[in-house]
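Remarks on the overall topology
Listed below are the residues making up each chain.
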Amino acid sequence: MKKFAALAAVSTIALGAHAVQAEPLKIGIIESLSGAQTSSGRLYATAVQYGVDKINAAGGFNGEDVQVIEYDNAGGSTGAADKFKQAVADGVNIVIQGASSAIAGQITEDVRKHNLRNPGKEILFINVGAEAMELTGDKCQFYHFRFTTTAPMRVNAMTSAMKEAGDLGTRVYSINQNYSWGQDVQAAINAAAEKGGYEVVDEVLHDVNKIQDFAPFVARIKAANPDSVITGNWSNDLLLLMKATGDAGLDVTFGTAYLDQPGNIANAGETALGHYIANNYDNTAGDASFAEEYKAASGHYPLFVEPQTIFAVGALSQALEGVDFAGGDIDVSKIALALEDVTYETPVGPIAVRKEDHQTIRPVVVSRVVENARYPADDTSMGFEAVKVVPGEQAIYPVQDSCDMKRPG
Amino acid sequence: MTNMRNILLIAAVLVALVAVPPFLGLGWQNALVNILIASLFALAFNLLSGQAGLLSFGHAAYFGMGAFATLHLMLAIEDGLSFPTPLLPLAGAAMGLLIGVVAGFFATMRSGVYFALVTLAIAELFHSLTPHLQGFFGGESGISSMRMPWQGFVFGTVLEVYYLTLFWVVLSVMALWAYTRTPFGRLTLALRDNEQRVRFLGYNAHTSKVIIFAVSAMFSGVAGGLQAISNETANYALFSSHISAQVVLQTFVGGATIFFGPVVGAVSFTLFAYLVSDLTRSWLFYQGLIFVLVMLFAPTGIGGVVQHHLRNVRRDDWLLLAGPYALAATGGVLIAGAVIYLTETVAVLFGEEYAVQIRNAEGSLPAYEMFGAWWEPFGIATWLVPVVLLAAGGAILVKSRGNILKCWEKMGREVGEGAHEPAAPGVAK
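A brief structural summary. Remember, predicted model here, so these are calculated numbers, not experimental data.

**Examining the sheet that holds strand S9 (residues 253-256) of chain A**
All names here are of chain A. Within the open sheet, the seven strands sit side by side as S7-S6-S8-S9-S10-S14-S15. Their pairing is mixed. Because the sheet does not close on itself, it has two edges, and the strands there are strand S7 (199-206) and strand S15 (383-390). Pairs of neighbouring strands in the sheet enclose a mean axial angle of 20 degrees, with direction left out of account. Of the pairings in the sheet, the one linking strand S6 (residues 171-177) to S7 comprises seven bridges and is parallel in character. Following the sheet pairing, Tyr-173 is matched in S7 by Asp-202.

Here it is as structure tokens:
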């Protein structure tokens, strides 16, 4: 404890140079904005900007417009660590990130250390897409808020919806990428087996985004003779798997988590029809005015990770209404405390923060790919049609034992 | 005389590195830490590639292992081990040396392309294996720790980290420099120039190469350790080919044939990333462009060009050169302006925001804002600007190039053959 007292003393001196005056609330987006992962990085950035524009249109915060600063993490956690330091140098109050769990793990640790060393100058991390369980487990901390689902939430919702639609069957095949997310999904599939009334006939973990030919895996799937295949795969691993299954003429239903990634439907073509996805939102579920409003501002209907990001900024905006610094210094801890109490109404149901681990309790929407969709994806005639909206209290899972959160004060 | 001047120059740089940072902002302090680490890494890499002529495409492996070893030591300190925080990079050095000996033993059995491929394969091995080894590497999210205070130093601020990094980098650079002056350093050069002859002289070429490889890996490990101290975390992304490639680019842009060349490259690339990466999304394109231009027009790198001039610094024709050089620089700036203009225009016209504007304007192409002015997509001015810049810059460059050539030829005649002798690789003046 003595160490931290010394730490605090030095930090206070170091920060003493800061002038005492009203500063605007600064939001830093640390995303992959160049290189291979740019497309999802940009979606997060666009969605945050949309949400902040709304805050500013309503008068901003603390007497100033809320500022958004974009940082390009160049797709890696080293880049993210570097940009986090730059964000600190720029006086950022809130960091938003979502595209990768590895990067989120880096940022949440950086935020934790920064807050330990700089009491009174805390930074808040709003995670809008990183789903690794450890972020609300081992690494859980007061200044991290997760505004998206996790593997058990998606899998539980999906299996229940597929079961009701009669598409789940009793034999489920689990195939996932061999890293924490894929392992989380596999564990969730096994955990949901009893309630879903199915048997996991085989489970496979494979290399991440390295496999060019899924035919051997499809042969294994065929041999196990499943009714449905549940996978957390994303990007090429999902696309190539589905295509290989289609080519082999295998009649199974896929339950996925990332089928709505832009380009997937166009690439998969007819093969995608009838398959499921569990996600935070779908345009066909709930009130259409949200989608229309977003399209008017950005030119397209909200897709992929945009809705959850907009909801997160919406919840933040609601939290900001509850705090007032009268033009003075911004105390991020107060904003965090206010954010804990927010219940944000989305078109598909309310989102609230669970105080124990800062996971949001939120509805999960399960949808299916259909022909002649209301909101066509990727300029095809196909698109998603919501099958079921699982309310937050049904989708949520218990707090992980590994979470030991220290609250401020 | 040149020695005296070099010592003064180095002393001045050192004084600046020690005295200036406290007056800089956090962002710059952090950028300097990155510059120092990148410089050391590039120098360590160049010991192998420039001096021993063994081009490694997998140096990220030793950099990354150095980082992980340092982090594990940091974790041990957090758990109560009493070990002075400033000596942390020693763990990186030890790990780099160890892995370097093992990897070097296999890699140096072959030379040329095969050597490069083996090093690439070793780095890939680390990259694909580490996410699965939860215990040591912490899966794909990696491991993290916190710098612990030591003897009144808290190591909480960037400035403290900077001085720690500076100390280790200066120490390592001095060691690497001293290495080039030893008989073994000379043998390293000989191995590059004629391995056969070295063998005939009675040296064991393989053992020598393993030692060189291990030393290079050791200093890469120190650089990795410093990064681990600075970032307080490490994950498997440290082993990605991107990091291996970056150090190759930096070394060749800076100049692999000169001792301090890689430092020039590392400084320019890191500064470029720091200054430009948040200004424009096309920054990687510009970075690639710079690399291609340097390789095409200055194959010895920026350092090679600088050294060529330093060698001739005592000739009195600088006034003669100044004019054409200034002219050439103007031409270069004009062309750079045109390239930037065109790149950014393309980025705007094919960007998302503009796509929305087109949709809102129902198909017609609306004016867009760039560099604080409004441009019409089909306006004459819009396209006249780059054309004029390109034409003027090109004309100036062609003309000044002829003038510069004449100047050098004149100097060459006056001083004899010496002016165009190639820079002695690996040995700084």
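**So, the layout of surface pockets**
Residue and element names in this part refer to chain B. Roughly 1900 Å³ of internal volume is contained in the second largest pocket. Looking at the second largest pocket, it is lined by 42 residues, and the ones nearest its centre are Leu-293, Val-294, Phe-297, Ala-298 and Leu-397. Listed by contribution, the elements that provide at least two residues to the lining of the second largest pocket are helix H12 (261-276), helix H13 (283-297), helix H14 (301-311), helix H15 (318-349) and helix H17 (380-415). Top contributing element to the lining of the second largest pocket by residue count: H15, with nine residues.

**Focus on the pattern of salt bridges**
Per the counting criterion, the structure on display carries 21 salt bridges over all chains. The residue Arg-117 of chain A makes a salt bridge to Glu-232 of chain B at a minimum N-O spacing of 2.6 Å. Residue Arg-117 of chain A is found in helix H4 (residues 101-117), and its partner Glu-232 of chain B is found in the loop between helix H10 (205-231) and strand S2 (233-234); the two belong to separate chains. A salt bridge links Arg-407 of chain A to Glu-340 of chain A, with the nearest nitrogen and oxygen atoms 2.7 Å apart. Taken together, the residues span a long stretch of sequence, with Arg-407 of chain A in the segment after helix H14 (392-395) and Glu-340 of chain A in helix H13 (residues 332-340) at a distance of 67 residues. Within this structure, Lys-113 and Arg-117 of chain A together with Arg-147 and Glu-232 of chain B form a network of salt bridges that share partners.

**Here we look at helix H12 (residues 306-321) of chain A**
Between its first and last C-alpha atoms H12 of chain A spans 23 Å; for 16 residues at 1.5 Å apiece the expected length is 22 Å, and the two agree. In terms of burial, H12 of chain A is largely enclosed, as 14 of its 16 residues are buried.

**Focus on the sheet that holds strand S1 (residues 26-31) of chain A**
Residues and elements named next belong to chain A. If you trace the five strands from one edge of the open sheet to the other, you get S2-S1-S3-S4-S5, paired in parallel fashion. In this open sheet, the two strands that pair with only one neighbour each are strand S2 (67-72) and strand S5 (144-146). Ignoring strand direction, the axes of neighbouring strands in this sheet form an average angle of 20 degrees. The pairing of strand S3 (residues 94-97) with strand S4 (residues 124-127) spans four bridges and is parallel. In the strand pairing of S4, Val-95 is matched with Phe-125. Helix H3 (residues 77-89) rests against S1, S2 and S3 of the sheet, and its axis sits at about 150 degrees to S2.

**Brief notes about the packing of aromatic side chains**
Each aromatic ring pair is characterised by the separation of its centres together with the angle its planes make. Tallied over the full model, the rule gives 31 aromatic pairs over all chains. Here Phe-68 of chain B and Phe-239 of chain B contribute two aromatic rings whose centre-to-centre distance is 5.8 Å and whose plane-to-plane angle is 0 degrees, an arrangement assigned as stacked. Note that Phe-68 of chain B is positioned in helix H3 (residues 60-78) and Phe-239 of chain B in the loop between S2 and helix H11 (241-254), a separation of 171 residues in sequence. This pair shows no difference in class: Phe-68 of chain B is buried, exactly as Phe-239 of chain B is. Members of the aromatic cluster, connected to one another through ring pairs, are Phe-68, Phe-126, Phe-136, Phe-137 and Phe-239 of chain B. Above the ring of Tyr-258 of chain A, the side-chain terminus of Arg-154 of chain A is found at 4.9 Å from the ring centroid. A cation sits over an aromatic face here: Arg-354 of chain A above Tyr-397 of chain A, 5.4 Å from the ring centre.

**Quick word on empty space enclosed by the protein**
Here the structure, examined in full by the defined rule, presents two cavities of 30 Å³ or more. By volume, the largest cavity amounts to about 50 Å³. Along its surface, the largest cavity is lined by Ser-77, Thr-78, Ala-81 and Gln-106 of chain A together with Ala-67, Gln-227, Ala-228, Asn-231, Thr-233, Ala-234, Asn-235 and Leu-238 of chain B. When contributions to the lining of the largest cavity are tallied by element, the ones reaching two or more residues are H3 of chain A together with H10 and S2 of chain B. Among the residues making up the lining of the largest cavity, the classes are represented as five nonpolar, seven polar and no charged. Lining of the second largest cavity is provided by Arg-154, Val-155, Met-158, Trp-181, Val-185, Thr-231, Gly-232 and Ala-257 of chain A. Elements that contribute at least two residues to the lining of the second largest cavity include exactly helix H5 (151-164) and helix H6 (180-191) of chain A. It is H5 of chain A that provides the largest number of residues to the lining of the second largest cavity, a total of three residues.

**Topic: the interface of chain B and chain A**
Listed as interface residues are 38 residues of chain B and, on the opposing side, 42 residues of chain A. Roughly 3300 Å² is buried in total at the junction of chain B and chain A, and carbon and sulfur atoms are behind 48% of that figure. Where chain B packs against chain A, one counts 13 residue pairs in polar contact (both at pLDDT 80 or more). Breaking the side of chain B that touches chain A down by element, the ones donating at least two residues are helix H2 (26-51), H10, H12, H13 and helix H16 (352-360) of chain B. In terms of residue class, the side of chain B that touches chain A is made up of 13 nonpolar, 18 polar and seven charged.

Conventions we followed
Residues numbered from 1 in each chain as written. Chains lettered and ligands numbered in written order. Predicted model: local features only at pLDDT ≥ 70, side-chain atom pairs only at ≥ 80, totals over all residues. Heavy atoms only, no water. Pairing = 2+ DSSP bridges. Helix = DSSP H or I, 4+ residues; strand = E, 2+ residues; numbered from the N terminus. Axes fitted to C-alpha atoms, helices over the stretch in contact; angles between N-to-C directions. 1 Å grid on protein atoms, 1.4 Å probe; cavity = no way out; pocket = protein on both sides within 12 Å on 5 of 7 lines; lining within 4 Å. Points joined across faces, edges and corners; volume = space filled by probe spheres on them. Salt bridge = Lys/Arg side-chain N within 4 Å of Asp/Glu carboxyl O. Expected span 1.5 Å × (residues − 1). Buried < 20%, exposed > 50% of the residue type's maximum accessible area, 1.4 Å probe, protein only. Contact = heavy atoms within 4.5 Å. Phe/Tyr/Trp six-rings, centres within 6.5 Å; stacked < 30°, edge-to-face > 60°. Lys NZ or Arg CZ within 6 Å of the ring centre and 35° of its normal. Nonpolar A, V, L, I, M, F, W, Y, C, P; charged D, E, K, R; others polar. Buried area = accessible area lost by both parts, 1.4 Å probe. Polar contact = N/O pair within 3.5 Å; in protein donor to acceptor, adjacent residues only side chain to side chain.

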